[in-house]
Amino acid sequence: TRHVPFSSPFLRDAGYINGSWTAGGATKTFDVLNPATGEVLASLPDMGAAETREAIDAAYAAQPAWAARPAKERAGILRKWHDLMVAHADELAAILTAEMGKPFPEARGEILYAAAYVEWYAEEAKRIYGETIPAPSSDKRMIVIKQPVGVVGTITPWNFPAAMITRKIAPALAVGCAVVSKPAEQTPLSALALAVLAEQAGIPAGVFNVIVGEDGPAIGKELCGNDKVRKISFTGSTEVGRILMRQCADQIKKISLELGGNAPFIVFDDADLDAAVEGALASKYRNAGQTCVCANRLYVQSGVYDAFAAKLAAKVETMAVGDGFKAGVTIGPLIDEQGLSKVESHVADAVSRGATILTGGKRVEGAGTFFTPTVLTGVTREMKVAREETFGPVAPLFRFDTVEDVIAQANDTEFGLAAYFFAGDLKKVWRVAEALEYGMVGINTGLMSTETAPFGGIKQSGLGREGSRHGADDYLEMKYLCMGNV
Ligand code: ADP
């Protein structure tokens, strides 16, 4: 059943297994809500372990023929999928805004970003090169070939309902894997819309399957425990990442993880202050602060602390909060009540320990789960905002004096995904970039995500990289061939 406030040829109310739109054996349904209004957008079959098994069997059967096709053919199909996504970007973005809440222009940006991964891996598909190695004896020849790992299970979050999916599926399909994909229960409609276009592009039945359901743990258990699945690729919380890694241990199953972050954003005295403010706005408030690379802790050097705080607050006050379909809105709703409560509790905790709300700081009364964009000053390391990912539009400003001190504070976390800093002096730029224990560092910029670069974290932020030429490696096995008696 669907109640989306617009008609779209890309809306489906079933899962997608072996080329068919189906509920499988599901008897219950679950609702997909619009977080801006609280309205039910669709009721989908609540699929579980049995449907997941069916999809795995379909993928397992379809994968060898897909892998056997020339790379150029797989590349051509992916290219077509990319072109369809771009051609229908508006329709896809409307579905995305409806189920996730981000402002429509941002949603459109995400669709193009998601499509860019498909384009990139369509190109890379033809460049999965092996290796020849000079042999240690004259009668031997040594070669390394690359082969797809096989069936891949993907589990993805709600904050980028389209891009988190293509980032995994595009490289997997490009190198010859088949996929069973489990989108977040909050945002399954975008995943289904992508499958509609994948089918139109010519991706064969069984090669790409989508399981929709509310019981993530049951679906995850089947994906991890089924020995036909050779690899799991997950984006989400560190907590769930740990569970999946444990579940993969029994079969020594390969796993890629993109987990939580706690990004530091450092402004040094010699930074271009206006650029730093722009960078903070982009990094902190994009997607209403709900990205794993959002600045979570802003460290500002004493000499520019007050000036930076004032400039940032002035810009933040011009942001428009509201329904993502409304023109001019830059801050949509938080994904749900739980997300909103977490943000409220972080702000309340900071204030109770002495922080000051420079602007914002409260939920918006009425329908939907909105929080006003916020700047906090006088923040210290004892507060929750220093340790935990807030995942909301709150910028806590910490004051620091020396380079050594801020590096120590920035690295004092179990996470290691993204970090940002703004500085002028070249020597300091190199030293700080090298000292930050993070997988990605933005220098004098608040935005660095692109399909051409390796995205990923160190420490408890994850394993593996997505995007760039390195992203295909996560879906490939290396095989060493040794010929004797030549
Ligand atoms: P978030 O806090 O962003 O919702 P989660 O890690 O809880 O992050 O969710 C990310 C994805 O993981 C979602 O698709 C969710 O359904 C799924 N998920 C949640 N718990 C489990 C689990 N125990 N096993 C497998 N998948 C899970």
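Residues numbered from 1 in each chain as written. Predicted model: local features only at pLDDT ≥ 70, side-chain atom pairs only at ≥ 80, totals over all residues.

The name recorded for the protein chain in an unreviewed UniProt entry is NAD-dependent succinate-semialdehyde dehydrogenase, from Rhizobium altiplani. Entered under Sequence similarities (unreviewed entry) in the UniProt record, the comment concerning the protein chain runs "Belongs to the aldehyde dehydrogenase family." (UniProt positions renumbered as here; feature names shortened; annotations may be inferred.)

(A) Broad picture of the UniProt feature "domain: Aldehyde dehydrogenase" (unreviewed entry) in the protein chain. As annotated by UniProt and renumbered to match this structure, "domain: Aldehyde dehydrogenase" (unreviewed entry) occupies residues 21-480. In residues 21-480, the share of helix is 40% and the share of strand is 20%. The end C-alpha atoms are 41 Å apart. (Helix = DSSP H or I, 4+ residues; strand = E, 2+ residues; numbered from the N terminus.)

(B) The arrangement of the site of the ligand in detail. G216, G220, G236, S237 and V240 are the nearest of the 14 residues found near the ligand. Counting only elements with at least two residues in the shell around the ligand, the list comes to α7 (216-225) and α8 (238-249). Residue composition of the shell around the ligand, by class: seven nonpolar, five polar and two charged. (Near = placed C-beta within 6 Å. Nonpolar A, V, L, I, M, F, W, Y, C, P; charged D, E, K, R; others polar.)

(C) Fine view of the packing of helix α2 (residues 71-87) against helix α5 (residues 163-175). Closest axis-to-axis distance for the α2/α5 pair is 8 Å, and the angle between their directions is 150°. Here α2 is positioned roughly antiparallel relative to α5, judged by the angle of their axes. Contacts between α2 and α5 involve R74, A75 and L78 on the former and, on the latter, A170, L173 and A174. Looking at the contact of α2 with α5 residue by residue, the class counts come to five nonpolar, no polar and one charged. (Axes fitted to C-alpha atoms, helices over the stretch in contact; angles between N-to-C directions. Parallel < 35°, antiparallel > 145°, perpendicular 65-115°, else oblique. Contact = placed C-beta atoms within 7 Å.)

(D) Spotlight on the pairing of strand β12 (residues 263-267). For β12, a buried count of five out of five residues is recorded, marking the element as mostly surrounded by other parts of the structure. Burial along β12 is two-sided: the face carrying A263, F265 and V267 and the face carrying P264 and I266 are both buried. Of the pairings in the sheet, the one linking β12 to strand β13 (residues 295-301) comprises five bridges and is parallel in character. Note on β13: the bridge partner recorded for A263 is A295. Crossover connection from β12 via helix α9 (residues 273-285) to parallel β13: handedness right-handed. Summarising the sheet, β12 and strand β17 (residues 418-422) pair through three bridges and their orientation is parallel. Looking across to β17, one finds that F265 is bridged to Y420. (Buried ≥ 20, exposed ≤ 12 C-beta atoms within 10 Å, placed from the backbone. Pairing = 2+ DSSP bridges. Right-handed = clockwise from strand over helix to strand, strands pointing away.)

(E) Expanded view of the UniProt feature "active site" (unreviewed entry) in the protein chain. Taking the UniProt record as the reference, the feature "active site" (unreviewed entry) is found at E258. Mapping E258 onto the fold places it in strand β11 (residues 254-258). The exposure class assigned to E258 is buried, which follows from the 27 C-beta atoms found within 10 Å. Sequence-distant contacts of E258, that is, excluding residues within four places in its chain, are made with T235, G456, G462 and E466.

(F) Structural context of the confidence of the model for the protein chain. Averaged over all residues, the pLDDT of the protein chain equals 97, while 99% of them reach at least 70. Across the protein chain, strand β8 (residues 178-182) holds the top mean pLDDT of 99, while helix α12 (residues 384-387) sits lowest at 94. The ipTM assigned to the predicted complex is 0.98, against a pTM of 0.97. (pLDDT = per-residue confidence, 0-100.)

(G) Structural view of the packing of helix α3 (residues 89-100) against helix α6 (residues 188-201). One way to put it is that α3 packs onto α6 with a least axis distance of 8 Å and a crossing angle of 160°. Judged by the inter-axis angle, α3 sits roughly antiparallel to α6. Classified by chirality, the crossing of α6 by α3 is right-handed. Counting all contacts with α3, which are made through L92, I95, L96 and E99, the residues of α6 involved are L189, S190 and A193. Of the residues assigned to the contact of α3 with α6, the class counts are five nonpolar, one polar and one charged. (Left-handed = near helix turned anticlockwise from the far one by under 90°.)

(H) Representation of the nonpolar core in the model. With 147 residues, the main nonpolar core has L78, Y121, L173 and V179 as its most contacted residues. Among the elements that make up this core, the one with the highest residue count is helix α4 (residues 104-124) (11 residues). Ignoring anything within four residues of it in the chain, the contact list for L78 reads V118, Y121, A122, A125, A170, L173 and A174. (Core = buried A, V, L, I, M, F, W, Y, C linked by C-beta atoms within 7 Å.)

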